[in-house]
Amino acid sequence: MRDSFMQEHGTNRPSDLIIFGGTGDLAMRMLFPSLYFLDSDGHLADDVRIIGAARSDLDRDGFLKTVHERLKSHIAADYYDEAQWQRFAKRIDYCPVDAVEGTGFDALAKAVRLDEGGELVCYFSTAPRFYGDICTHLEANGLAGKNTRVVLEKPIGHDLESCRAVNDAVGAVFTEDRIYRIDHYLGKETVQNLLALRFANSLFEPLWNANGIEQVQITISETVGVEGRWSYYNDSGALRDMLQNHMLQLLCLVAMEPPSTLDADAVRDEKLKVLRSLRPITKQENTLKSVAGQYTEGAVGGTAVPGYLDEAQQESRTETFVALRADIDNWRWRGVPFYLRTGKRLPYRYSEIFIQFKGVPHSIFPEESNLTLDSNKLVIRLQPEENIKLCVMNKVPGLGRDGMKLQEVSLDLSMTKEARTRRRRIAYERLLLDVLNANSTLFVRRDETEAAWAWVDGISKGWRDLDLKPKPYSAGTWGPAASVALTERYGHSWHD
Ligand code: BG6
């Protein structure tokens, strides 16, 4: 296994991965299952070791017991293998630490193998207010040398100012090339496929601009509520939790210029240009171009669910839904609306990028045959299923007496049959592997996250200045009616 790893990744150093917040929900739901699968698929070198670090006063056995139980509950029974777990468990250790006091970091220093020329990856899966302290203690214990990389989970701050403070605190210890800001949406297979679609084909590029594209929509629709994370979510809301990061990253991949290579900075330079070209939404335009909503009680999938305020039993103006129109001020995208929409407790779960091309300039088909020529669309589904469809007009087969009839059909551009039957990877698998291999292409650079905050701050400031309350919507609906009005104002409608 080691040999194939070295051939593939060109490294022969022992690697230690410390997961701060190792007993937390993200670690249990995503990180350990991802590492388990990477291991079982032969992608982890033999001497990669994983150390959970958290405040809980556990020993290794106690920690392993928790990881084991949670792992079994999070991965499908078909993919769980006891012998594989036993092999994987050998990699895992645990060290109690206190990120504020700094206790336990000396034990971490003894556990890792930097002295043997090894590499260390520290994954910060804690609240961002601890990031600075963790960095300080890593440095004080000799764990912040040139062979250490750190992974920062979102949210990085809650506005530009606090984001800068977090970035400064981490940047005081680690150089930017060793800081990996993770956005798990970039690890999704179809998101990377978007890069392939755009830049490995010549077909789309001539149309990929304001002359060829009528509108772009990005929707991340969730059926869940705040899942017991009320206090985090209430400080955050849909704009900061989803739009500032995941949705703007997707927008960047759709809108960016072709990078000259797939190198981290080549890609990130292009994404940054997009973020910096986002037209600020002024206070005057705020109510035309953005809608904030908050769910009230309703039913999702036939099950009655309480409203956001009922869950919290307190007043709140936090939005659980946001829809807006973004404009990109550059030659390529002048005048093309990018509609972004995300919310909790919507009718069903899906994430999609929808691109509508311009219609034909003139129809040759007779009016009496009642034909509407739908414009072509490219629909990129990220979840629940992963697929890419190109919708085109086609003749209805047959010998109709009243002339030719047309219909819209979709060409399936998705992955091969073989890929479809394969296990769907957790987005974190790709990203964990990349950080172990020091590849930062799919990670977010400091200037990107700050540019994204600068734009998003303008929107939330507008809401505050106008004293806007989020508009109520019943759980299980597509958000407030104002969201429908938003696209219709510009002659479009949501692709539901
Ligand atoms: C997280 C948000 O970043 O993404 C959550 O904090 C959200 O609120 C989640 O539920 C959605 O991720 P996915 O991959 O399930 O669409």
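In this text the structure is predicted, and so the values were computed from the model without any measurement.

### As for the overall build of the protein
Right, on to step 1. The helix and strand inventory of the protein stands at 16 helices and 17 strands.
Right, on to step 2. Relative to the compact-globule value of 23 Å for 496 residues, the protein shows a C-alpha radius of gyration of 24 Å, a close match.
Right, on to step 3. If you line up the protein on its principal axes, its C-alpha atoms span 80 × 55 × 45 Å.
Right, on to step 4. Put simply, the protein has 496 residues, and 54% of those count as buried.
Right, on to step 5. In the protein, once contacts between residues fewer than 6 apart in sequence are set aside, the share between residues at least 24 apart is 78%.
Right, on to step 6. A total accessible area of about 22,300 Å² is found for the protein, and carbon and sulfur atoms account for 50% of it.
Right, on to step 7. Positive and negative charge centroids in the protein, built from 61 and 71 side chains respectively, lie 3 Å apart.

### Remarks on the site of the ligand
Right, on to step 1. Every residue close to the ligand is listed here: Lys154, His184, Tyr185, Lys188, Glu222, Arg229, Asp241, Met242, His246, Lys344, Arg349 and Gln383.
Right, on to step 2. Residue arginine 229 places a side-chain N or O atom 2.4 Å away from an oxygen atom belonging to the ligand.
Right, on to step 3. Lysine 344 is positioned such that a nitrogen or oxygen atom in its side chain is 2.7 Å from an oxygen atom of the ligand.
Right, on to step 4. Looking at which element gives the most residues to the shell around the ligand, the answer is helix H9 (residues 230-255), with 3 residues.
Right, on to step 5. Per-class residue counts for the shell around the ligand are 2 nonpolar, 3 polar and 7 charged.

### Observations regarding helix H14 (residues 427-436)
Right, on to step 1. Within H14, 9 of the 10 residues are buried, leaving the element largely enclosed by the surrounding structure.
Right, on to step 2. Within H14 the residues assigned to the buried category are Ala427, Tyr428, Glu429, Leu431, Leu432, Leu433, Asp434, Val435 and Leu436.
Right, on to step 3. Tucked inside the fold, the buried residues of H14 contact strand S1 (15-20), helix H2 (25-40), strand S4 (119-124), strand S5 (148-152) and strand S6 (179-181).
Right, on to step 4. Just past H14, the residue alanine 438 takes up positive phi, approximately 55 degrees.

### Focus: the packing of aromatic side chains
Right, on to step 1. Within the structure shown, the criterion is met by 23 aromatic pairs.
Right, on to step 2. Ring plane angle 10 degrees and centroid distance 6.1 Å describe the contact between tyrosine 36 and tyrosine 80, whose orientation is recorded as stacked. Placement of tyrosine 36 in helix H2 and of tyrosine 80 in the loop between helix H3 (60-74) and helix H4 (82-89) is noted, with a sequence separation of 44 residues between them.
Right, on to step 3. Judged by relative accessible area, tyrosine 80 falls into the buried class, the value being 18%.
Right, on to step 4. Taken together, a centroid distance of 5.9 Å and an interplanar angle of 80 degrees make the contact between tyrosine 350 and tryptophan 478 edge-to-face. Taken together, the residues tyrosine 350 in strand S13 (residues 350-357) and tryptophan 478 in the loop between strand S17 (471-474) and helix H16 (481-488) connect sequence positions 128 residues apart. Side by side, tyrosine 350 and tryptophan 478 carry an identical accessibility label, which is buried.
Right, on to step 5. The structure contains a cluster of three or more aromatic residues connected by ring pairs, namely Tyr36, Phe37, Tyr79, Tyr80, Trp85 and Phe88.
Right, on to step 6. Lying across the ring of tyrosine 185, lysine 188 places its NZ or CZ 4.5 Å from the centre.
Right, on to step 7. Stacked on the ring of phenylalanine 37, the Lys or Arg arginine 423 has its end atom at 3.6 Å from the ring centre.

### Considering the UniProt feature "binding site: substrate" (unreviewed entry) in the protein
Right, on to step 1. As recorded in UniProt, the sites labelled "binding site: substrate" (unreviewed entry) are His184, Lys188, Glu222, Asp241 and Lys344.
Right, on to step 2. Its location among the elements puts lysine 188 in the loop between S6 and helix H8 (189-199).
Right, on to step 3. Accessibility expressed as a relative area gives 12% for lysine 188, which makes it buried.
Right, on to step 4. The contacts of lysine 188, once residues within four sequence positions are left out, are Gln383 and Ala427.
Right, on to step 5. Note that glutamate 222 resides in the loop between strand S7 (213-221) and H9.

### Some thoughts on the packing of H3 against H4
Right, on to step 1. With their axes 12 Å apart at the nearest point, H3 and H4 run at an angle of 140 degrees to one another. By crossing handedness, the relation of H3 to H4 is classed as right-handed. Where H3 approaches H4, its residues Arg60, Leu64, Val67, His68 and Leu71 are matched on the opposing element by Glu82, Trp85 and Ala89.
Right, on to step 2. Classifying every residue of the contact of H3 with H4 by side-chain character gives 5 nonpolar, 1 polar and 2 charged.

### Looking at the sheet that holds S7
Right, on to step 1. The strand order across the open sheet formed by 9 strands is S16-S15-S14-S13-S7-S12-S11-S8-S17, and the pairing between neighbours is mixed. Both edges of this open sheet fall to strand S16 (406-412) and S17, since each of them pairs with a single strand only. Strand-to-strand twist across the sheet, computed as the mean angle between neighbouring axes with direction ignored, equals 20 degrees.
Right, on to step 2. In terms of strand pairing, strand S11 (residues 321-326) meets strand S12 (residues 338-343) through 6 bridges, oriented antiparallel. Looking across to S12, one finds that leucine 324 is bridged to leucine 340.
Right, on to step 3. Contacting strand S8 (290-296) and S11, helix H15 (residues 446-465) crosses the sheet at an angle of about 115 degrees to S11.

### Details of the side chain of serine 375
Right, on to step 1. Following the sequence through the fold, serine 375 ends up in the loop between S13 and strand S14 (377-383).
Right, on to step 2. Look at serine 375 and you get buried, because its relative accessible area is 13%.
Right, on to step 3. Looking at serine 375, its side chain comes within polar contact range of the side chain of glutamine 356, at 2.8 Å.
Right, on to step 4. At 3.5 Å, the side chain of serine 375 and the backbone oxygen of phenylalanine 357 are in polar contact.
Right, on to step 5. With sequence-adjacent residues up to four places away left out, serine 375 is seen in contact with Gln356, Phe357, Lys358, Gly359 and Glu408.

### Brief notes about the environment of aspartate 98
Right, on to step 1. Of note, aspartate 98 is situated in the loop between strand S3 (92-96) and helix H5 (105-111).
Right, on to step 2. Residues aspartate 98 and arginine 55 lie 43 residues apart in sequence; the distance between their C-alpha atoms is 5.5 Å.
Right, on to step 3. Ignoring any residue separated from it by four or fewer positions in sequence, one finds aspartate 98 in contact with Arg55, Thr103 and Phe105.
Right, on to step 4. A distance of 3.0 Å separates a polar atom in the side chain of aspartate 98 from the backbone nitrogen of glutamate 101.

### Description of the nonpolar core
Right, on to step 1. Counting 147 residues, the largest nonpolar core has Phe20 and Leu138 as the members making the most contacts within it.
Right, on to step 2. Per element, the largest residue contribution to this core is 14 residues, and it comes from H9.
Right, on to step 3. Other than its neighbours up to four places away in sequence, phenylalanine 20 contacts Ala53, Val97, Phe105, Leu108, Cys122, Tyr123, Phe124, Ser125, Thr126, Ile134 and Leu138.

Here is what the cut-offs are and how they apply
Residues numbered from 1 in each chain as written. Predicted model: local features only at pLDDT ≥ 70, side-chain atom pairs only at ≥ 80, totals over all residues. Heavy atoms only, no water. Helix = DSSP H or I, 4+ residues; strand = E, 2+ residues; numbered from the N terminus. Rg over C-alpha atoms; globule rule 2.2 N^0.38 Å. Buried < 20%, exposed > 50% of the residue type's maximum accessible area, 1.4 Å probe, protein only. Contact = heavy atoms within 4.5 Å. Areas by Shrake-Rupley, 256 points an atom, 1.4 Å probe, with all protein chains shown as cover. Lys, Arg positive; Asp, Glu negative; His and termini not counted. Charge placed at Lys NZ, Arg CZ, Asp CG, Glu CD. Near = heavy atom within 4 Å. Polar contact = N/O pair within 3.5 Å; in protein donor to acceptor, adjacent residues only side chain to side chain. Nonpolar A, V, L, I, M, F, W, Y, C, P; charged D, E, K, R; others polar. Phe/Tyr/Trp six-rings, centres within 6.5 Å; stacked < 30°, edge-to-face > 60°. Lys NZ or Arg CZ within 6 Å of the ring centre and 35° of its normal. UniProt positions renumbered as here; feature names shortened; annotations may be inferred. Axes fitted to C-alpha atoms, helices over the stretch in contact; angles between N-to-C directions. Left-handed = near helix turned anticlockwise from the far one by under 90°. Pairing = 2+ DSSP bridges. Core = buried A, V, L, I, M, F, W, Y, C linked by side-chain atoms within 4.5 Å.

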